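Single-letter residue listing:
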Amino acid sequence: MPDDETQTPTLNREAIARTPHDTRAQPLPGAADGPSPWLLRLIAVGLVLAALNLRPAITSLGALLEEVREGLHMSGSVAGVLTSVPPLCFAVFGVMAPRLARRFGAGTVVCAGMAAIAVGLVVRPYIGSTAGFLAASALALMGIAVSNILMPVIVKRWFPDRVGTMTGLYSMALALGTALAAALTVPVTGALGGNWQTGLVVWAVLAAVAVLPWIVLVRDRTPAPGRPAPLAANGTEAPALKIARSRTAWALACFFGLQATAAYITMGWMPQIFRDAGVSAGTAGLLLAVTMAMGVPLAFVIPRVASRLKNQGPIVVVLGLCGLIGYSGLYLAPAAGAWAWALLLGVANCAFPLALTMIGMRARSGAGVVRLSAFAQSTGYLLSIPGPLLVGVLYQHSGGWGLPIALMAGLMVPQMVAGILAGRDRTIEDES
């Protein structure tokens, strides 16, 4: 009996201490001494290649949206639907990723995800109809969604002592892939004959290459690291969090959804805004690349600063003000100050790493962080779906960008409010 009493607090502390950033991993089957160095290098290459493919399907389309619309005889409203597909797929298919990983293994699912991206990117330019283009885009986005969710699982399992380094590596690769697709799609299209189908399909080559490293892990079906339920003080399982009752959880979900809305409007429509203002297609793609590239350095800086503050509200306000100034510039002088507006909107879009940081800070237990992350991201992506669609409808029916830009700026205000509420020094355990 004394032994049980002395062990219970230890078990409780260990259960509570485990978070999604916990660097411990289950030992690999049949590998008591750990995986070989060449295998780790291969997986690192696979991570980088996979991350490079997590956004080009979206940003390459934004750079050629006008040509796609004309080629498929697509209305502005339908184009708005097209720009709303990414968050919808992320919300729907992302939920499936953990279950698929438990059944088939994370490596197998990522391999299938890369293959789905490649097939979707090959098929969609040549399918010849708007419905088919949407379906093929959804296939590619399904591969992106499941791979995006499983990247941290892969890092935790294979690189338990280098979680921060590897997370930073694939985060930089993700931002780089986003920026490269925005910057290179138009010039590559021109170099290959000026056909928009060729300009879009070329990114399938990168996805096909990314399949190769993951083939090694297709037979790896070890379940993803488990997340044990938290224990109460007496060693029994603590009651489940009723997260929907937490105001902080809802504030985070709204903040995540509104920043995602801004990001997908930017990726889908910003090149078109600049092109309608007289900026060339190539320069418009470069401007989007600059906006996306801002995420490379700031994704490291913002979380480190935010984690040192008890209240993240001031950072939310700074990012929001950058967004408001950027949108005002797009309205008043889109071509004259194009580079300044692109930089400011790039800073504003870095609300994404801030949201992820706050998710980790607004729960005390590992189980709480997992629940909060799932709630905030799934709910947030669902909330973000109407935004790009509404921008397309307003653009078509108003004949200009005045109303759409006013909508973008208007959404920045509730984003700041939700971020301030989410950034307060409290946890969901105190509210559930």
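Residues numbered from 1 in each chain as written. Predicted model: local features only at pLDDT ≥ 70, side-chain atom pairs only at ≥ 80, totals over all residues. Heavy atoms only, no water.

Chemist: Explanation requested: the packing of aromatic side chains in the structure shown.
Modeler: The geometry of an aromatic ring pair is captured by two quantities: the separation of the ring centres and the angle between the planes. A complete count under the given rule lists 8 aromatic pairs for this structure. Here the aromatic cluster, defined as three or more aromatic residues joined through ring pairs, consists of Phe90, Phe256, Tyr264, Phe352 and Tyr381. (Phe/Tyr/Trp six-rings, centres within 6.5 Å; stacked < 30°, edge-to-face > 60°.)

Chemist: So what exactly am I meant to see when it comes to helix α15 (residues 313–332) here?
Modeler: Each α-helix turn comprises 3.6 residues. Residues three or four places apart therefore point the same way. Relative to the 28 Å expected for 20 residues at 1.5 Å per residue, α15 spans 29 Å between its end C-alpha atoms, a close match to the ideal helical length. When we look at burial in α15, the residues that qualify are Gly313, Ile315, Val316, Leu319, Gly320, Cys322, Gly323, Gly326, Tyr327, Gly329 and Leu330. Check the buried side of α15 and you find it contacts α12 (247–276), α14 (295–307), α16 (338–348), α17 (351–361) and α20 (402–422). (Helix = DSSP H or I, 4+ residues; strand = E, 2+ residues; numbered from the N terminus. Expected span 1.5 Å × (residues − 1). Buried < 20%, exposed > 50% of the residue type's maximum accessible area, 1.4 Å probe, protein only. Contact = heavy atoms within 4.5 Å.)

Chemist: Honestly, the side chain of threonine 189 in this entry has me stumped. Any pointers?
Modeler: Inspection of the secondary structure assignment puts threonine 189 in helix α9 (residues 163–191). The exposure class assigned to threonine 189 is buried, which follows from its relative accessible area of 5%. Looking at threonine 189, its side chain comes within polar contact range of the main-chain oxygen of threonine 185, at 2.6 Å. Other than its neighbours up to four places away in sequence, threonine 189 contacts Leu64, Gly194, Asn195, Trp196 and Gly199. (Polar contact = N/O pair within 3.5 Å; in protein donor to acceptor, adjacent residues only side chain to side chain.)

Chemist: Would you explain the pattern of salt bridges in this entry?
Modeler: A side chain of one charge can pair with a side chain of the opposite charge if their charged atoms are brought near each other. According to the stated counting rule, one finds 2 salt bridges in the structure shown. The partner of glutamate 66 in a salt bridge is arginine 275, and the shortest N-O contact between them spans 3.8 Å. Taken as a pair, glutamate 66 in helix α4 (residues 65–72) and arginine 275 in helix α12 lie far apart in primary sequence, 209 residues in all. For glutamate 66, a relative accessible area of 24% translates into the label partly exposed. Glutamate 67 is paired through a salt bridge with arginine 275; the nearest N and O atoms lie 2.8 Å apart. Residue glutamate 67 is found in helix α4, and its partner arginine 275 is found in helix α12; the two are separated by 208 residues along the sequence. Take glutamate 67: its relative accessible area is 23%, and that puts it in the partly exposed class. Residues joined by salt bridges that share partners form a network here, namely Glu66, Glu67 and Arg275. (Salt bridge = Lys/Arg side-chain N within 4 Å of Asp/Glu carboxyl O.)

Chemist: Looking at this model, I keep getting lost on the confidence of the model for the protein. Mind explaining?
Modeler: Close inspection of predicted coordinates is inappropriate for parts of the model with low pLDDT. Scored by pLDDT, the protein has a mean of 81; 83% of the residues are at 70 or more. When mean pLDDT is compared element by element in the protein, α15 scores highest at 96, while helix α1 (residues 2–17) scores lowest at 40. The low-confidence segment residues 1–32, where pLDDT is below 50, has 39 contacts with residues more than four positions distant or belonging to other chains. Low pLDDT, under 50, characterises residues 222–238; the stretch is placed with 30 contacts to residues that sit more than four places away or in other chains. (pLDDT = per-residue confidence, 0-100.)

Chemist: Hey, could you run me through the nonpolar core in this one?
Modeler: The tendency in soluble globular proteins is for nonpolar side chains to be buried as a group. Ranked by internal contacts, the top residues of the largest apolar core, which has 126 residues, are Trp214, Tyr327 and Leu354. Beyond its immediate sequence surroundings of up to four residues, leucine 354 is in contact with Phe255, Ile302, Ala306, Gln312, Ile315, Val316 and Leu319. (Core = buried A, V, L, I, M, F, W, Y, C linked by side-chain atoms within 4.5 Å.)

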